[in-house]
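# Topology and contacts: notes
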Amino acid sequence: MADAAAQYKKQDGVVSVSAQGKTVSWKSGTGALPPLSIAIADIANLQQTPATSAKASIKIFVLESSPQAGNHTVTFTSAVAREDQQNFTSVLRKWIEAAKQKTAPPSAPVASAGGGGGGGGVTAAMAMAQTVTAAAKDQEEAYEDAKLLADLELQMSLLNSSPALRQRFDRALAEKPDSVTVLQFSSQFWSTRVHMLRSHATEKSQATGTYNVLSVIKSKTVNGTLMLSLTKEQIELLFRQHPVVQKAYNENVPQLSEGDFWERFFHSRLMKKLKGQRIQEKDVLDPKLDKYLTYDETEEHAQDLLASSIPNFINIEANENNHSQKQGNRPDFTMNPTNYEKAPILRVLNRMSEKMMKEVPPSDVSRHGPVGLDEETYKELQLRDLQRTDDDNRVVLTVQDQSQFFSAGQSVQTSTSAATYTRRTPAEALSTLHQDVRRIGLGNSKPSSIDLHSTIEVNDDSSSDDEDSAPKKSRVGSRSSRSAATSQVIAAVKRRHLHNDDYSSSKSVPSSERAKDLDVSEAVLDSLTMTHNTTVEFLHYFWAVFYSGDPDRANEIARLIETLDKSLDRIKAVADMAETDRTTRLETAKKENEFYNQRERKKRRFDPESIKGGAEAVNQIVDPLLRAIDAARTQYQKALREQVARNPVNGV
């Protein structure tokens, strides 16, 4: 029996679990509240506060069918409350799992062989329903998160298909802290990429469907010779789609070589018939293949291609009995049964479509479901324009006086200044405007004209290169303030574009162009990208462990903080590499400028600021990452101080 001091509804007491693991109960120490007893079998869920929380408590979720239905929160109050919480939670979870195993439903019964015995077996309809349900359930469970995370073969297949993901995985695995095992790292890595595993599993489960193979086989001329490329897969598909070709192949290939057979076939009348082309008198005769022109493929597959149930809206034969076309306009010749020679391509395409659709399993209906249209499909096919017009059931809103909704006195949203201007007449408003304009023009020699530039203190003759003059306070609307505002907006747009670049578009841009846009070399960009990827992985792992609430993983969090500190060192190393590269480019530019000044009469001034890049560019790129690392360190230090304050070391 496990027990501990705890509060329930702000009343002190003792919470305990029975020795047999049947109930969890709480009893008040003062008798202010009646005792609480919950059957462990009725517990639906259990939650506990994380290790960083000030209170050590657990919340018990009870099923609605239980007498104690609802949520019950118990807070531990002893000196070692956190330890009591962990021990009590582990014991309670063990008994909850044991109760779930006892109440698990038995497997489905198997039908008796004799079919009798007082209904002990399962009916045929029930067995069929269970089979269909189990198949659908297995298909859904194949894409569950747990199965995807446990499928190592699928994960390796995804890594092999994506070199960038494989490089990111290998780099993060090599730089992980020693306290993190390979299994823990792999679980955390794939837990944030379950959608990629599901997409890859769906992609692998798909297969290329059948197609009209005769339409893709084309001949080409090479050095004046007509060449034909035919693969083994195309031959197998051709035999499956056209059994007459396989029949001709089996009967003639021993006498003819395989190359001669295919050459004669693709120039024969049989080939034109199978493609739906019109056979003409000038076509080459072939005694060995022309005898197969009368072979009817539809007779062998008539029953296979016959649908078990054809909806009436596409069943032409059934509609002919109810809606005869013997009177009125004559149908088009393509809709009448006629000779094969008039439109052979239509029959060929229809027959090929039937063969291709026969091999496609239905994905929108159940093959064991009822025959016919369901309710939703029937509603979609209804001719709504022929139905009666529904009665208008809208609420009619009648407004008698609309002017009251637009008057200033009736609006509660009208501001004080707007209400003031509505009470002024146009003459008063114009008089006020004249007074303001006259006041602006008092300092000018000509009262009739106003110089707006001088009014807002814009001096077009001023020069920004005048460095000796004392700094002046910029005025709104002046040239300096406008230039400063323009520079600030452009810098903000560039910074936003740098940090919010679309991932899909960045993949299509070569790395050399991206490095040029970021003012760094391609080698620096590659190193920075790998460092950024591994650091993000460690941040994901840190927050997952930090918010797990497991005190046993405190040392693991400390190791991850050390790993993040090493990431800062790696970022600094990349910044030093970029600075060295910038220094090299700076020295080269200086030498080129000196050589130019020696050669030309007009001297050219060298500006070191024109050489962009270096550590400043790297720090600007990884600024969000640095802030994320700083936030993680800050949260860890705060939680560590709170934990030390609650549990001081003995003797201190």
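All values derive from a computational prediction rather than experimental measurement.

This part covers the overall build of the protein. Check the secondary structure of the protein and you find 26 helices and nine strands. Buried positions account for 24% of the 652 residues belonging to the protein. Considering only residue pairs separated by 6 or more positions, the protein has 55% of its internal contacts joining residues 24 or more positions apart. Surface accessibility of the protein: about 47000 Å² in total, with carbon and sulfur atoms responsible for 52%.

Before going further, it helps to spend a moment on the nonpolar core. Within the largest apolar cluster, 45 residues are counted, with the highest numbers of intra-cluster contacts made by Trp-190, Val-520, Phe-542, Leu-564, Val-618 and Leu-625. At the level of secondary structure, the elements contributing two or more residues to this core comprise α4 (152-161), α5 (163-174), α6 (182-191), α7 (194-205), α23 (522-546), α24 (554-599), α25 (615-621) and α26 (623-646). Of the residues forming this core, the biggest block, ten residues, is contributed by α23. For this core, the domains that each give at least three residues are domain 2 (132-205) and domain 4 (511-647). Ala-6, Leu-36, Ile-40 and Ile-96 belong to the second largest nonpolar core, which has 23 residues in total.

With that settled, the discussion passes to the environment of Asn-252. Mapped onto the fold, Asn-252 is located in helix α9 (residues 243-252). In this structure, the C-alpha to C-alpha distance between Asn-252 and Leu-289, residues 37 residues apart in sequence, is 9.0 Å. Setting aside anything within four residues of it in sequence, one finds Asn-252 in contact with Phe-261, Lys-288 and Tyr-292.

The next thing to look at is the packing of α4 against α5. Interhelical geometry of α4 versus α5 gives an angle of 115 degrees and a closest axis separation of 5 Å. With respect to α5, the axis of α4 lies roughly perpendicular. Contact residues: Met-156, Leu-158, Leu-159, Asn-160 and Ser-161 in α4; Pro-163, Leu-165, Arg-166 and Phe-169 in α5. Grouping the amino acids of the contact of α4 with α5 by side-chain chemistry returns six nonpolar, two polar and one charged.

Relative to the assigned elements, Thr-89 resides in helix α1 (residues 81-102). Judged by relative accessible area, which is 2%, Thr-89 ranks as buried. The residues touching Thr-89, leaving out its near neighbours within four places in the chain, are Leu-46, Gln-48 and Ile-58.

A word on the confidence of the model for the protein. On average, residues of the protein carry a pLDDT of 75, and 71% of them reach 70 or more. Contacts from residues 105-129, a stretch scored under 50 in pLDDT, to residues over four places away or in other chains number seven contacts. Low pLDDT (under 50) marks residues 408-412, which in the prediction has three contacts with non-local residues, meaning those over four places away or in another chain.

The pairing of strands in a sheet happens through backbone hydrogen bonds and is either parallel or antiparallel. The antiparallel open sheet is built from seven strands, whose spatial order is β4-β3-β2-β1-β7-β6-β5. The sheet terminates laterally at β4 (36-39) and β5 (43-48), the two strands that pair on one side only. Pairwise comparison of adjacent strand axes, ignoring direction, gives a mean angle of 30 degrees for this sheet. Note: strand β2 (residues 11-17) against strand β3 (residues 23-28), five bridges, orientation antiparallel. Across the sheet, Gly-13 pairs through a bridge with Ser-28, a residue of β3.

With respect to the helices, strands and loops of the structure, Ser-57 is situated in strand β6 (residues 57-62). Discounting chain neighbours no more than four positions away, the residues touching Ser-57 are Gln-47, Gln-48, Thr-49, Thr-73, Val-74, Thr-75, Phe-76 and Gln-85.

Cut-offs and rules
- Residues numbered from 1 in each chain as written.
- Predicted model: local features only at pLDDT ≥ 70, side-chain atom pairs only at ≥ 80, totals over all residues.
- Heavy atoms only, no water.
- Helix = DSSP H or I, 4+ residues; strand = E, 2+ residues; numbered from the N terminus.
- Buried < 20%, exposed > 50% of the residue type's maximum accessible area, 1.4 Å probe, protein only.
- Contact = heavy atoms within 4.5 Å.
- Areas by Shrake-Rupley, 256 points an atom, 1.4 Å probe, with all protein chains shown as cover.
- Core = buried A, V, L, I, M, F, W, Y, C linked by side-chain atoms within 4.5 Å.
- Domains from an automatic or database assignment.
- Axes fitted to C-alpha atoms, helices over the stretch in contact; angles between N-to-C directions.
- Parallel < 35°, antiparallel > 145°, perpendicular 65-115°, else oblique.
- Nonpolar A, V, L, I, M, F, W, Y, C, P; charged D, E, K, R; others polar.
- pLDDT = per-residue confidence, 0-100.
- Pairing = 2+ DSSP bridges.

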